[in-house]
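One letter stands for each residue in the lines below.
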Amino acid sequence: MLQLLQKLSISAVGKREKLLRVIKNPVTQHLPLKSRKIGFSHSSDKLVEMEKYVAGVGGDTDLVFVVGAMSHGKIDCDYIDDFISVSEYPLSAAWCIARICEAVSKKWRVL
């Protein structure tokens, strides 16, 4: 992470291939067109089961998940279409991402 903050990119060892880079705003330029942008917030009134939520989205819609780096508070972005909560308790970002991955893998039948 330090390399990302200092050089604004992370390259593969021994190669010039960039694995990760910081992008300029607006971030919406880099997101798929006609995608549904979903923000995670513990304070959201919309408590959902991730598997049912992801399964209910049509196959022609791309999903973009916006996860904050803290277990409390709310993401302040104007491009988010829907805020959801996946637990009655505050969760870390890693746990939220694990729930997303599990729900998507079940929808796509990844074993």
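Because the structure is predicted, anything quoted here is derived from the model rather than measured.

Scoring rules and cut-offs
- Residues numbered from 1 in each chain as written.
- Predicted model: local features only at pLDDT ≥ 70, side-chain atom pairs only at ≥ 80, totals over all residues.
- Heavy atoms only, no water.
- Helix = DSSP H or I, 4+ residues; strand = E, 2+ residues; numbered from the N terminus.
- Buried < 20%, exposed > 50% of the residue type's maximum accessible area, 1.4 Å probe, protein only.
- Areas by Shrake-Rupley, 256 points an atom, 1.4 Å probe, with all protein chains shown as cover.
- Lys, Arg positive; Asp, Glu negative; His and termini not counted.
- Charge placed at Lys NZ, Arg CZ, Asp CG, Glu CD.
- Core = buried A, V, L, I, M, F, W, Y, C linked by side-chain atoms within 4.5 Å.
- Contact = heavy atoms within 4.5 Å.
- Right-handed = clockwise from strand over helix to strand, strands pointing away.
- Pairing = 2+ DSSP bridges.
- Axes fitted to C-alpha atoms, helices over the stretch in contact; angles between N-to-C directions.
- Salt bridge = Lys/Arg side-chain N within 4 Å of Asp/Glu carboxyl O.

1. Quick look at the overall build of the protein chain
At step 1: When helices and strands are counted, the protein chain shows three helices and five strands.
At step 2: Listed N to C, the secondary structure of the protein chain is α-β-β-β-α-β-β-α in terms of helices and strands.
At step 3: Counting only C-alpha atoms and orienting by the principal axes, one finds that the protein chain spans roughly 45 × 30 × 25 Å.
At step 4: Residues counted as buried form 31% of the 111 residues belonging to the protein chain.
At step 5: When the accessible surface of the protein chain is totalled, it reaches about 8,500 Å², and 55% of it is carbon and sulfur.
At step 6: Counting 16 positive and 12 negative side-chain charges, the protein chain places the averaged centre of each group 10 Å from the other.

2. Things to note about the nonpolar core
At step 1: Core analysis: the largest hydrophobic core is formed by 13 residues, its most contacted members being Phe-40, Met-50, Ile-84 and Val-86.
At step 2: Only strand S3 (35–40), helix H2 (50–55) and helix H3 (93–107) provide two or more residues apiece to this core.
At step 3: The element contributing the most residues to this core is H3, with four residues.
At step 4: The residues touching Met-50, leaving out its near neighbours within four places in the chain, are Phe-40, Phe-65, Ile-84, Val-86, Arg-99, Ile-100 and Ala-103.

3. Here we look at the pairing of S3
At step 1: Along S3, five of the six residues are buried, which leaves the element largely enclosed by surrounding structure.
At step 2: Traced from S3 through H2 to strand S4 (residues 62–66), the parallel crossover comes out right-handed.
At step 3: Pairing of S3 with strand S5 (residues 82–84) involves three bridges; the strand directions are parallel. What sits directly across from Phe-40, in S5, is Ile-84.

4. Things to note about the sheet that holds S5
At step 1: Pairing in this open sheet of three strands is parallel, and the strands run S4-S3-S5 from one edge to the other. Only two strands of the sheet have a single neighbouring strand rather than two, namely S4 and S5. Taken over all neighbouring pairs, the strand axes of this sheet differ in orientation by 30° on average, direction set aside.
At step 2: Two elements, S3 and S4, share five bridges in a ladder whose sense is parallel. Paired with Gly-39 across the bridge in S4 is Val-66.

5. Remarks on the pattern of salt bridges
At step 1: Tallied over the full model, the rule gives four salt bridges.
At step 2: Of the charged contacts, one joins Asp-82 and Lys-46 as a salt bridge, the two residues approaching to 2.9 Å between their closest N and O atoms. Here the residue Asp-82 occupies a position in strand S5, and Lys-46 occupies one in the loop between S3 and H2, the gap between them amounting to 36 residues.
At step 3: Here Lys-46 falls in the partly exposed class, since its relative accessible area comes to 36%.
At step 4: In this structure, Glu-51 and Lys-106 form a salt bridge, with 3.1 Å as the shortest nitrogen-oxygen distance. Of the two residues, Glu-51 is situated in helix H2 and Lys-106 in helix H3; the sequence distance between them amounts to 55 residues.
At step 5: Connected via shared salt-bridge partners are Glu-51, Glu-102 and Lys-106.

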